[in-house]
Amino acid sequence: MTKWRHYWRPQSGSLVTAIAFAWAGIEPEAILVEKKSSQHEPDFLALNPAAQVPVAIMPCGTVLAETAAIVLAIDEARPDSGLLPPAGSSERGTALRWLMFLAVAGYPAALRYYYADRFTADASEAGIEAVRVAASRESDRIFAIVAGAMKGPFLFGETPTIVDAYAAMLADWHEPAQDLPVFRTLRRAIMTHPVIGETWRRHEQSSE
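Here goes a summary of the coordinates provided. (Residues numbered from 1 in each chain as written. Predicted model: local features only at pLDDT ≥ 70, side-chain atom pairs only at ≥ 80, totals over all residues. Heavy atoms only, no water.)

1. Description of the overall build of the protein chain
Put simply, the test is: Helix and strand definitions follow DSSP, with helices as H or I runs of at least four residues and strands as E runs of at least two, each counted in order from the N terminus. Throughout, the radius of gyration refers to the C-alpha atoms, and the reference size of a globule is 2.2 Å times the residue count to the power 0.38. Should any heavy atoms of two residues lie within 4.5 Å, those residues are considered in contact.
From N to C terminus, the protein chain includes nine helices and four strands. Listed N to C, the secondary structure of the protein chain is β-α-β-α-β-β-α-α-α-α-α-α-α in terms of helices and strands. In summary, the protein chain has a C-alpha radius of gyration of 17 Å against a globular reference of 17 Å for 208 residues, a match within 12%. Projected onto its principal axes, the C-alpha positions of the protein chain cover 50 × 45 × 35 Å. Across the protein chain, every contact between residues at least 6 apart in sequence was considered, and the portion connecting residues at least 24 apart equals 64%.

Structure below.
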């Protein structure tokens, strides 16, 4: 295999990896996973037993899952692309901190909200709603923390990184975050960015 492969689906974390590929100037073989049910088919499970997109396959054949892992691999392949600050810099450490915070705290909170039934043994409506309410409150807390770190319009002021795209995607999934001035400003800046905005629109229009 001589090029990357990218398994993606609209309204998923593959938005961030699609942006990362475009930003880095890499044009992967894009494989649309049209239905969520397709993620449970044997061929896909052989790539990612967690049955989640995105999945990326490197030119060497290594299979990657998890948005943050894919982003880091793309950045390593194209270190001068500006996806993340330079290796060894204090800014990179800060960017990695927030990238991982979004991956391990922000994304799981969104999953608990939208798929609350997966996170409780109480299948009653009340039990599922309790999980959803708790997840929404956790998302509120997470976005308040991230908002406090943003210099505006991006994490580092005028210089965007892939962390900003990740934060904007999660904010787009959590309606209360969209009411915060920090994330309204971020969304405007993201959508006017020549690469991020165009890739965002193209990725999400596929769901219409």
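2. Some remarks on the packing of helix H4 (residues 90-114) against helix H5 (residues 125-149)
The condition that has to hold: Lines fitted to C-alpha atoms define the axes, with helix axes restricted to the stretch in contact, and inter-axis angles between N-to-C directions lie between 0 and 180 degrees. Between 65 and 115 degrees an angle is taken as roughly perpendicular, under 35 as roughly parallel, over 145 as roughly antiparallel, and anywhere else as oblique. Left-handed describes a crossing whose near helix is turned anticlockwise from the far helix through less than a right angle; right-handed describes the clockwise counterpart. When residues are sorted by character, Ala, Val, Leu, Ile, Met, Phe, Trp, Tyr, Cys and Pro go into the nonpolar class, Asp, Glu, Lys and Arg into the charged class, and all the rest, Gly among them, into the polar class.
Where H4 meets H5, the closest approach of the two axes is 8 Å, and the angle between their N-to-C directions is 155°. Taken together, the axes of H4 and H5 lie roughly antiparallel to each other. By crossing handedness, the relation of H4 to H5 is classed as left-handed. Across the interface between the two elements, Trp-98, Phe-101, Leu-102, Ala-105, Gly-106, Ala-109, Ala-110, Arg-112 and Tyr-113 from H4 touch Val-131, Arg-132, Ala-135, Ser-136, Glu-138, Ser-139, Ile-142, Ile-145, Val-146 and Ala-149 from H5. Taken together, the residues of the contact of H4 with H5 sort by class into 13 nonpolar, three polar and three charged.

3. So, helix H8 (residues 181-192)
To be explicit about the condition: By this rule the span expected of a helix is its residue count minus one, scaled by 1.5 Å. Per-residue accessibility, obtained with a 1.4 Å probe over protein chains only, is compared with the maximum for each type, and a residue is labelled buried under 20%, exposed over 50%, and partly exposed between these values.
Counted at 1.5 Å a residue, the expected span for H8 with its 12 residues is 16 Å, and the 17 Å between its end C-alpha atoms agrees. When H8 is considered as a whole, its buried residues turn out to be Phe-183, Leu-186, Ala-189, Ile-190 and Met-191. Elements that come into contact with the buried residues of H8 comprise H5, helix H6 (162-173), helix H7 (175-178) and helix H9 (196-205).

4. Considerations on the pairing of strand S2 (residues 29-32)
Operational definition: Pairing between strands requires that DSSP locate at least two bridges from one strand to the other. If you view a crossover with the strands going away from you and the path from the first strand over the helix to the second runs clockwise, you call it right-handed.
Taken together, the four bridges between strand S1 (residues 5-8) and S2 define a ladder with parallel strand orientation. Paired with His-6 across the two strands is Ala-30, which belongs to S2. With respect to chirality, the unit in which S1 leads through helix H1 (residues 14-24) into the neighbouring parallel S2 is right-handed.

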